[in-house]
Amino acid sequence: MKLKGKTALVTGASRGIGAATAKLLARHGAAVAVNFMNSKDAAEAVVRSILDSGGKTIAIQADVRESAPVKNMVAETVRQLGPIDILVLNAGATVPWKPFVDLSQEEFETKVLGETRGFFLPAKAVVPEMIRRRQGCIVGVSSGLSRHPGYGFSAHTTAKSGVDGLMKSLAFELGPFGIRVNTVAPGLTLTDATAWLPKEQVEAIAKNTPLRRVGKPEDIAGAILMMVSEESAFITGAYIPAGGGTLMI
């Protein structure tokens, strides 16, 4: 029970990495707010799973790209679960897979601005109370593509590079207040967001991964748990690749 007595808010927690993270943090004792935008049924399934295991949790709908819903989400989390100790920034905008020459300005801006707003606004709402309490932990879920781009992912790489910079800046500015900020960067992970990839491409990536497989949501959740636990109390500003060895730094 590494996180007993802690409250965590996980954005984009109805499916995939977010859902696995919410369940794992709850399993280790945290009270967890499960944020979702449209997938109400999936979020409620995550909540039921946590409750059935004896955990404490709520589901909260909010578009993390909009200020007012985010402020309400944070206020409701605090009201029902207590002050937020852990913020996991996982919600991401839809990835437009297109070569740069075919990518429209609107698609590019939707991804880049949506992604960065989805990190900025929850952090902006949560950080003041963390500063007041002089404690807290923030983890941003990035992508190995922010360091090692892939064909057709120029918008995704740009967006994730932007949030990487935000996380480093927060680590630098918030460290004196006892707040740690780190980034976990998954490699290819089997979620709804990657279900469109051809089986042959997934197999090829697995073959070229040192651990000879692609990731599962639970793999990334484990890396996030490591970053928010007290065992990582002296780590901040880190970029942690969680891709089976596809990115070594």
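Keep in mind the model is a prediction, meaning the values are calculated, not measured.

A. Broad picture of the overall build of the chain. Along its length, the chain carries seven helices and seven strands. Starting at the N terminus, the α and β elements of the chain follow one another as β-α-β-α-β-α-β-α-β-α-β-α-α-β. Its C-alpha atoms give the chain a radius of gyration of 17 Å, within 12% of the compact-globule value 18 Å for 249 residues. Dimensions of the chain, computed from C-alpha atoms along their principal axes, come out at roughly 45 × 35 × 35 Å. When burial is assessed residue by residue, the chain has 49% of its 249 residues classed as buried.

B. Here's a closer look at the packing of helix α3 (residues 67-81) against helix α4 (residues 105-133). At a closest axis distance of 9 Å, the pairing of α3 and α4 adopts a crossing angle of 45°. When the interaxial angle is binned, α3 and α4 end up oblique. Read as a crossing pair, α3 and α4 show a hand that is right-handed. Listed contacts from α4 to Ser67, Val70 and Val74 of α3 are Leu121, Pro122, Ala125 and Val126. Residue composition of the contact of α3 with α4, by class: six nonpolar, one polar and no charged.

C. Expanded view of the pairing of strand β1 (residues 7-10). Neither face of β1 is open: one carries Thr7 and Leu9, the other Ala8 and Val10, and all of them are buried. Here β1 pairs with strand β2 (residues 31-36) via four bridges, running parallel. Directly across from Leu9, in β2, lies its bridge partner Ala33. In this fold, the crossover linking β1 to β2 by way of helix α1 (residues 16-27) has right-handed handedness. Bridge count for β1 against strand β4 (residues 86-89) is three bridges, and the pairing is parallel. When the sheet's bridge partners are listed, Val10 is paired in β4 with Val88.

D. Examining the packing of α4 against helix α5 (residues 154-174) more closely. Direction vectors running N to C along α4 and α5 enclose 20°, while the axes themselves pass 8 Å from each other. What the angle tells us is that α4 and α5 run roughly parallel. Crossing of α4 against α5: the hand is right-handed. Between α4 and α5, the contacting residues are Phe108, Lys111, Val112, Glu115, Thr116, Phe119, Phe120, Ala123, Val127 and Ile131 on the first element and Ser154, Ala155, His156, Thr158, Ala159, Lys160, Val163, Leu166, Met167, Leu170 and Leu174 on the second.

E. Seen up close, the sheet that holds strand β3 (residues 57-61). Pairing is parallel in the open sheet, where seven strands are placed in the order β3-β2-β1-β4-β5-β6-β7. Single-partner strands in this sheet number two, and they are β3 and β7 (239-242). Strand-to-strand, the axes of this sheet are offset by a mean angle of 20°, without reference to chain direction. Judged from the four bridges that link them, β4 and strand β5 (residues 136-141) form a sheet pairing that is parallel.

F. Summary view of α4. The terminal C-alpha atoms of α4, which comprises 29 residues, lie 42 Å apart, in line with the 42 Å expected from a rise of 1.5 Å per residue. At Val127, α4 is bent by approximately 35°, the largest bend along its length, and proline Pro128 sits one to four residues beyond. Regarding α4, the residues found buried are Lys111, Val112, Gly114, Glu115, Gly118, Phe119, Leu121, Pro122, Ala123, Val126, Val127 and Met130. Residues of α4 that are buried make contact with β1, α3, β4, β5, α5 and β6 (179-186).

G. Structural view of the packing of aromatic side chains. Taken as a whole and judged by the stated rule, the model has one aromatic pair. An angle of 65° between the planes, with centres 6.4 Å apart, marks the rings of Trp97 and Tyr151 as edge-to-face. Of this pair, Trp97 sits in the loop between β4 and α4 while Tyr151 sits in the loop between β5 and α5; the two residues are 54 residues apart in sequence, bridging distant segments of the chain. Lying over the aromatic face of Tyr239, Arg147 brings its terminal NZ or CZ to 3.8 Å of the ring centre.

Definitions and cut-offs
Numbering of residues starts from 1 in each chain and follows the order in which that chain's sequence is written. Local features are withheld for residues below a pLDDT of 70 in this predicted model, meaning they are given only at 70 or higher, and side-chain atom pairs are given and counted only at 80 or more; totals for whole chains, interfaces and linings count all residues. Derived side-chain values reflect all non-hydrogen atoms in the structure, with water molecules and hydrogen atoms excluded from consideration. Under the DSSP-based scheme used, a helix requires at least four consecutive residues in state H or I and a strand at least two consecutive residues in state E, with every element numbered from the N terminus. Radius of gyration means the value over C-alpha atoms here, while the globule rule gives 2.2 Å times the residue count to the 0.38 power. The classification of residues rests on relative accessible area computed with a 1.4 Å probe and restricted to protein chains. Under 20% of the type maximum is buried, over 50% is exposed, and intermediate values are partly exposed. The convention used is that axes are lines fitted to C-alpha atoms, helices contributing only their stretch in contact, and that angles between N-to-C directions extend from 0 to 180 degrees. To sort the angles, those under 35 degrees are grouped as roughly parallel, those over 145 as roughly antiparallel, those from 65 to 115 as roughly perpendicular, and the leftovers as oblique. Whether a crossing is left-handed or right-handed is set by the direction in which the near helix is turned from the far one by less than a right angle, anticlockwise for left-handed and clockwise for right-handed. Residue contacts follow a heavy-atom distance rule, with two residues in contact if any of their heavy atoms lie within 4.5 Å. Under the convention adopted here, Pro, Cys and the residues Ala, Val, Leu, Ile, Met, Phe, Trp and Tyr are nonpolar, Asp, Glu, Lys and Arg are charged, and Gly plus all remaining residues are polar. Two strands are said to pair when DSSP picks up at least two bridges between them. We call a crossover right-handed when, viewed with the strands running away from us, the connection from the first strand over the helix to the second turns clockwise. Expected span of a helix: the number of residues minus one, times 1.5 Å. Think of it this way: the bend at a residue is just the angle between two axes, each fitted to seven residues, one set ending at that residue and the other starting at it. Paired rings are identified among Phe, Tyr and Trp, the last through its six-membered ring, by centres lying within 6.5 Å, and are further divided according to the angle between planes into stacked (under 30 degrees), edge-to-face (over 60) and tilted (the rest). Remark: a charge is flagged as sitting over a ring if the NZ atom of Lys or the CZ atom of Arg is within 6 Å of the ring centre and within 35 degrees of the ring normal.

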